[in-house]
Amino acid sequence: MAPDPVTASGRADPLLVARLRAQLLTSRAATDPVDVVERLLAVQAQDGRGFRLAVRARSSVAGASAVDHALTHDRSLVVDWLNRGTLHLVRSEDHAWLHMLTTPRLTTAGNRRLAQEGVDAAMAERAVALVTTTLREDGPHTRAQLRDVLDAAGVRTAGQALVHVLGAASFAGLALRGPVVDGEQAFVDPESWLGPRPPLPERDVALAELARRYLAGHGPARDHDLAYWTGLPLRDARRGLAGVRGLVDHGDGLVSLHADDDAPAVPDPVLLGPFDPLLHGWKSRALVVGDDEEGVVTSNGLFRPVALVDGVAVAVWGLAGGRLTWTVRDGHRLSSPVEQALRIDAARVVDYLGS
């Protein structure tokens, strides 16, 4: 059965509301892409349109070009394989300590995948060195350009080999995704792009900062939510939370940075992009999508764009020739005013994307 965000008393579910507020979806108070990313700490980014639309839904930013400007000119945002081994958009100033915490566990899995793709340890080492030298000496390169460099050197790039070579370079701290070049995000040498790597905090300090920043954009949440979101062991999530002062205990393992006594509110009907952070921040998505994720999460792990009404994913949507199309999920219906609101928001999406 689909979730109902309103209780029998007529008030919105307090946990859902608190999380929507933490995600900036009820206020859209941010005025800059960096403000959104600071609040969420890390934004799912394997889909370029998705992370740009995540900024739109949480801010007053006028166009996706502002995100590209932050990536390309301000160098204030970058993308890298971090939490759970998935691409995430983060503030440049947060990258080094997040990389320190989240990538060591990814290296072993990455080496195993390289071997499965026919890239042995010696070839992998040579490939990473070649990528590193190319980025340091010749500047930003797109994935296709790096493939050409590796192919010319006889490094295997077929299948998923190229992705895992680039992953290995990123896990080693020798490459990340920075500027947008011809509509594609290019890889860069981190130090050439961002400057010398800053001093790293002690691990317990970093875990506490991770927990604090996670709760700022996702609280109330539980320790296993933090572990799920980061891909870290539960013991690390608990160590991080133990280092955060003044946590508010909501019972049943839920904690937040502060109590929220404001009147319940849910956002106006809004179109969220693919892989939106609202679908990734906690171990369970039931508050937003119900017990049945069919249609929202595909069999191959893609997260489709959803229409959010009263804080709940009521439909999946797309744009065909600038026109909004949607499929209403089982157990939901769209009233005429809601349909009109979504069509208006679709026009905003088209303007925002500049297409």
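Here, the structure is the one placed above.
Described below are features of the structure shown in this document. Just so it is clear, the model here is predicted, and its values are computed rather than measured.

Procedures and definitions
- Residues numbered from 1 in each chain as written.
- Predicted model: local features only at pLDDT ≥ 70, side-chain atom pairs only at ≥ 80, totals over all residues.
- Heavy atoms only, no water.
- Phe/Tyr/Trp six-rings, centres within 6.5 Å; stacked < 30°, edge-to-face > 60°.
- Helix = DSSP H or I, 4+ residues; strand = E, 2+ residues; numbered from the N terminus.
- Buried < 20%, exposed > 50% of the residue type's maximum accessible area, 1.4 Å probe, protein only.
- Lys NZ or Arg CZ within 6 Å of the ring centre and 35° of its normal.
- Salt bridge = Lys/Arg side-chain N within 4 Å of Asp/Glu carboxyl O.

What follows deals with the packing of aromatic side chains. Under the defined criterion, the tally for this structure stands at 3 aromatic pairs. Centroid distance Tyr214 to Trp229: 5.2 Å. Interplanar angle 40°. Geometry classified as tilted. Pair noted here: Tyr214 is in helix H11 (residues 203-218) and Trp229 is in helix H12 (residues 223-230), with a separation of 15 residues, a long-range link. Exposure class is identical for Tyr214 and Trp229. Each is buried. Directly above the aromatic system of Trp193 lies the positively charged group of Arg75, at a separation of 3.6 Å from the ring centroid. Sitting above the plane of the Tyr228 ring, Arg84 keeps its charged end 5.8 Å from the centroid.

Scanning all chains against the criterion turns up 19 salt bridges. With its nearest N and O atoms 2.9 Å apart, the salt bridge here joins Asp94 to Arg91. Classification of Arg91 as buried rests on a relative accessible area of 10%. With its nearest N and O atoms 2.7 Å apart, the salt bridge here joins Asp252 to Arg222. Taken as a pair, Asp252 in the loop between strand S6 (248-251) and strand S7 (254-256) and Arg222 in the loop between H11 and H12 lie far apart in primary sequence, 30 residues in all. The class for Asp252 is exposed, based on a relative accessible area of 65%. Each of Glu38, Arg91, Glu93, Asp94, Glu209, Arg212 and Arg213 takes part in one network of salt bridges that share partners.

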